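Remarks on the overall topology
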Amino acid sequence: FLHCRAAADDLVKILSANIDKVKSGGVVHSFDGTTEEMDTILDLGFYIGINGCSLKTEENLKVVSKIPVEKLMIETDCPWCDIRPSHAGHKLVETRFENYPAVDKKKWKEGVVVKGRNEPHNIRQVLEIIAAVKEESTEELANKVFENTEKVFFKDK
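Along each chain, the written sequence defines residue order, and numbers are assigned to residues from 1. Given that the model is predicted, a residue must reach a pLDDT of at least 70 before its local features are reported, and side-chain atom pairs must reach 80 or more before they are shown or counted; all residues, however, enter totals for whole chains, interfaces and linings. Hydrogens and waters are ignored; side-chain quantities use all the structure's heavy atoms.

What follows deals with the layout of surface pockets. Using a probe with the size of a water molecule, rolled over the atoms, empty space left in the structure can be pinpointed. Looking at the largest pocket, its volume works out to about 410 Å³. Forming the boundary of the largest pocket are 21 residues, of which Ile83, Phe97, His121, Asn122 and Gln125 lie nearest the centre. Each residue gets one of three labels, nonpolar for Ala, Val, Leu, Ile, Met, Phe, Trp, Tyr, Cys and Pro, charged for Asp, Glu, Lys and Arg, and polar for the others, Gly among them. By residue class, the composition of the lining of the largest pocket is 8 nonpolar, 6 polar and 7 charged. Buriedness of a pocket was judged along seven lines, with at least five required to meet protein on both sides within 12 Å; pockets are open sets of points on a 1 Å grid over the protein atoms alone, cavities are sets where a 1.4 Å probe fits but cannot get out, and lining residues have an atom within 4 Å of a point. Grid points are joined across faces, edges and corners, and a volume is the space filled by probe spheres set on the points.

Structure below.
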């Protein structure tokens, strides 16, 4: 995993100069770069990981819509990178988690979530936003991303 939030230009330069040292690709995660940076990362053989921080602006959504599904990963980057109401992608979220009350971290107990902290179940919301901008069903997209995950992390299966 190569973390890439607000650093795509630098990451592309470093990867391009050192690609001979990279043996098997990987995932550029938390990607929020431009279409050109995305194209370069893909040309270098990497997958692109998208989370809530990747879905903040309308420009981010346009770039995400262009990521080839066969090179897409989804992630939450817990406990960071939640999808906030101020994010452009928020309007595309379908699933709300009202069954999980949010409390201050000092009042945490089993069955609740910490207010303001991203949780693993929120990956569903990342999937929904990406499916919406790509005009695909969430189930079909989930299956494709699952296949990508197996290719990258479970090659021996």
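When accessible area is computed with a 1.4 Å probe and restricted to protein chains, residues below 20% of their type maximum are described as buried, those above 50% as exposed, and intermediate ones as partly exposed. Numbering of helices and strands starts at the N terminus; helices are DSSP runs of H or I of at least 4 residues and strands are runs of E of at least 2. Alternating positions in strand S3 (residues 47-50) separate into two faces, Tyr47 and Gly49 on one and Ile48 and Ile50 on the other, with burial throughout. Two strands qualify as a pair provided DSSP detects at least 2 bridges between them. The pairing of strand S2 (residues 27-29) with S3 spans 2 bridges and is classified as parallel. In the sheet register, Val27 faces S3, and the bridge partner there is Tyr47. Classification remark: right-handed applies to a crossover when, strands pointing away from the viewer, the course from the first strand over the helix to the second runs clockwise. Between the parallel elements S2 and S3, the chain passes through helix H2 (residues 35-43) in a crossover that is right-handed. Across 3 bridges, S3 lies against strand S4 (residues 72-74) in parallel orientation. What sits directly across from Ile50, in S4, is Ile74. As a crossover connection, the stretch from S3 through helix H3 (residues 58-66) into S4 is right-handed.

Pairs of cysteine sulfur atoms within 2.5 Å are identified as disulfides in what follows. As enumerated under the stated definition, the model contains 1 disulfide in all. Between the sulfur atoms of Cys53 and its disulfide partner Cys81 the distance amounts to 2.3 Å. The disulfide joining Cys53 to Cys81 has a torsion of about -95° about its S-S bond and is therefore left-handed. Taken together, the residues span a long stretch of sequence, with Cys53 in the loop between S3 and H3 and Cys81 in the loop between S4 and strand S5 (102-103) at a distance of 28 residues. Exposure class is identical for Cys53 and Cys81. Each is buried. Here Cys78 is not cross-linked by a disulfide; its sulfur's nearest cysteine counterpart is in Cys81, at 9.4 Å.

So, on to the nonpolar core. Take the buried Ala, Val, Leu, Ile, Met, Phe, Trp, Tyr and Cys residues and link them wherever side-chain atoms come within 4.5 Å; each set so joined is a nonpolar core. With 30 residues, the main nonpolar core has Phe31, Ile48, Ile50, Leu55, Ile130 and Leu141 as its most contacted residues. For this core, the secondary-structure elements that each account for two or more residues are helix H1 (8-18), H2, S3, H3, S4, helix H4 (123-134) and helix H5 (138-153). Looking at this core element by element, the count peaks at 5 residues for H4.

Salt bridge, as used here: a side-chain nitrogen of Lys or Arg that lies within 4 Å of a carboxyl oxygen of Asp or Glu. Scanning the entire structure with this criterion turns up 6 salt bridges. A salt bridge links Asp82 to Arg84, with the shortest nitrogen-to-oxygen separation between them at 3.0 Å. Of the charged contacts, one joins Lys144 and Glu136 as a salt bridge, the two residues approaching to 3.3 Å between their closest N and O atoms. One network of salt bridges, in which partners are shared, links Arg124, Glu128 and Glu139.

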